[in-house]
Amino acid sequence: MNINYLKLYLCLTLSGLTVWSVDQAWTMYQLKLVSDVTTKAISQISQPKKIQVPAYKPTYKPPTKPKPYEKIKYDDKVCKFFLDEYRKHPTESNRLKMREYCPISSN
């Protein structure tokens, strides 16, 4: 029986390289899986959880300032009210209130 040592060498080398490359690929795949899981776990730890109690926010809202035209309408209504009150009952307190809220019309 005649053995061709060159073909045997090439066959064993090729099969060895194939086994080695498959092993390396499998190892790299496993390392990638471990890396992905580790990255996900670290990101979950570093980010605040959404279940945490939110910071206290008071429900009180300060009153909004009236716009200039709204203030004028309000002052006109108040002035008209105190003018009518003063006309009905001309007392000193009604006169002072009327002058306080209607400085132009009371002069």
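For the structure, check the block above.
**Details of the pattern of salt bridges**
Going through the model one piece at a time under the given rule, you end up with three salt bridges. A salt bridge links Asp36 to Lys32, with the shortest nitrogen-to-oxygen separation between them at 3.0 Å. Taken together, the residues Asp36 and Lys32, both in helix α1 (residues 5-46) and four residues apart, mark about one turn of the helix. Asp36 gets classed as partly exposed once you look at its relative accessible area, which sits at 39%. Among the ionic pairs, Asp84 bridges to Lys80, the shortest N-O distance being 3.4 Å. A residue pair is termed a helical-turn pair when its members lie 3 or 4 positions apart in one helix, as Asp84 and Lys80 do in helix α2 (residues 68-88) at four residues. A relative accessible area of 28% places Asp84 in the partly exposed class.

**Concerning the packing of aromatic side chains**
Applying the stated criterion to the full structure yields three aromatic pairs. Centre to centre, the rings of Trp26 and Tyr29 are 5.8 Å apart; their planes meet at 35°, and the pair counts as tilted. Note that Trp26 and Tyr29 are positioned in helix α1 at a spacing of three residues, about one turn of the helix. Each ring, one from Phe82 and one from Tyr101, has its centre 5.1 Å from the other, and the planes form 5°; the classification is stacked. Residue Phe82 is located in helix α2, and its partner Tyr101 is located in helix α3 (residues 92-101); the two are separated by 19 residues in the primary sequence. Taking relative accessible area as the criterion, Tyr101 reaches 36% and is therefore assigned partly exposed. The rings of Phe81, Phe82 and Tyr101 are connected pair by pair, giving a single aromatic cluster.

Rules and cut-offs
- Residues numbered from 1 in each chain as written.
- Predicted model: local features only at pLDDT ≥ 70, side-chain atom pairs only at ≥ 80, totals over all residues.
- Heavy atoms only, no water.
- Salt bridge = Lys/Arg side-chain N within 4 Å of Asp/Glu carboxyl O.
- Helix = DSSP H or I, 4+ residues; strand = E, 2+ residues; numbered from the N terminus.
- Buried < 20%, exposed > 50% of the residue type's maximum accessible area, 1.4 Å probe, protein only.
- Phe/Tyr/Trp six-rings, centres within 6.5 Å; stacked < 30°, edge-to-face > 60°.

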